[in-house]
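Tertiary structure, described
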Amino acid sequence: MTNAPQEPHETLGQLLEDRWTCRQFLPEPVPRHTIEQVLDLAQRTPSWCNTQPWQVVVTEGEGTERLRKQLLAHLREHPGQPDFPFPVQYAGVYQERRRECGKQLYTSVGIERGDHEAAGRQMLRNFELFDAPHVAIITTEADLGVYGAVDCGLYLSTFLLAAQSLGLAAAPQAALAGYSGFLRDHFGLPDTRRVVVGVSFGYPDVAHPVNKFRTSRADAAGAVTWHSS
């Protein structure tokens with residue numbers, strides 16, 4: 001007997017269940033045709049009025065290494081300047097979830113609470129791109145405002161699921177968008193482009209302890225309010 005094929009919602013559910021944020025990659029590059037498959041799938045993302053505002057810079061080979069080296073040098077001398085404001089604060093349940101994730105991360109790599117030096121080194125791993133062989137920088141057009149950024153958020157989600165479906169791992173990184181001006185200069189982007197997010201991606205180092213933990217998700221009931229009359 002053969003197993004019955006999965007229903008579409010089951011396939012989507014499995015991708016969502018299996019996807020995780022990778023924080024240590026293998027050095028092996030991803031073949032160009034596989035990356036193009038990810039990009040082709042992500043291009044099907046819906047957007048407001050079908051504007052498709054995303055433009056994506058993808059690095060490979062020496063392009064990734066040059067970005068890694070120059071970004072690290074830049075941030076040691078310059079403060080971050082994101083195009084979109086970072087959260088003002090995390091309060092209540094949002095702070096609880098953030099702390100849970102941070103505790104899992106630090107525990108996985110043996111960082112004790114209060115060890116600010118080790119925590120700082122782990123933070124810098126964002127800008128070392130977790131040793132990923134590739135990075136995607138996703139931008140929107142300034143005139144489209146927040147909704148262009150929202151559409152890029154939808155694109156990011158599709159990109160992550162497409163990567164998962166093709167055996168890749170990825171790390172969406174707001175940290176990279178914190179240096180938007182540097183990224184514009186580095187990649188020769190016009191002033192009208194706003195950096196939304198970066199994504200390091202490649203093949204995961206599944207043996208590394210930082211890739212062993214998984215974050216939790218709240219039940220849908222905690223996020224939904226029904227009105228029937």
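Structure: see above.
Quick summary incoming for the structure in this document. In this text the structure is predicted, and so the values were computed from the model without any measurement.

Checked against the element boundaries, Gly-63 lands in helix α3 (residues 62-75). Spatially, the C-alpha atom of Gly-63 lies 9.3 Å from that of Pro-133, the residues being 70 residues apart in sequence.

Moving on: the nonpolar core. Side chains that are nonpolar tend, in soluble globular proteins, to be buried together. Among the nonpolar cores identified, the biggest contains 22 residues, and Ile-138, Tyr-155, Leu-156, Phe-159, Leu-168, Val-199 and Phe-201 are the most heavily contacted of them. Elements with a minimum of two residues in this core: α2 (32-42), β2 (134-141), α6 (145-165) and β4 (193-202). It is α6 that provides the largest number of residues to this core, a total of eight residues. For Leu-156, the residues in contact, after removing those within four places along its chain, are Ile-138, Pro-172, Val-197 and Val-199. Counting residues in hydrophobic clusters, the runner-up holds 16 residues, among them Leu-67, Leu-75, Phe-127 and Leu-189.

Tallied over the full model, the rule gives zero disulfides. Summary of cysteine pairing: Cys-49 is not part of a disulfide, and the nearest cysteine sulfur, belonging to Cys-152, is at 15 Å. According to the relative accessible area criterion, Cys-49 is exposed, its value standing at 65%. According to the relative accessible area criterion, Cys-152 is buried, its value standing at 0%.

Rules used in this analysis
Residues numbered from 1 in each chain as written. Predicted model: local features only at pLDDT ≥ 70, side-chain atom pairs only at ≥ 80, totals over all residues. Heavy atoms only, no water. Helix = DSSP H or I, 4+ residues; strand = E, 2+ residues; numbered from the N terminus. Core = buried A, V, L, I, M, F, W, Y, C linked by side-chain atoms within 4.5 Å. Buried < 20%, exposed > 50% of the residue type's maximum accessible area, 1.4 Å probe, protein only. Contact = heavy atoms within 4.5 Å. Disulfide = S-S within 2.5 Å.

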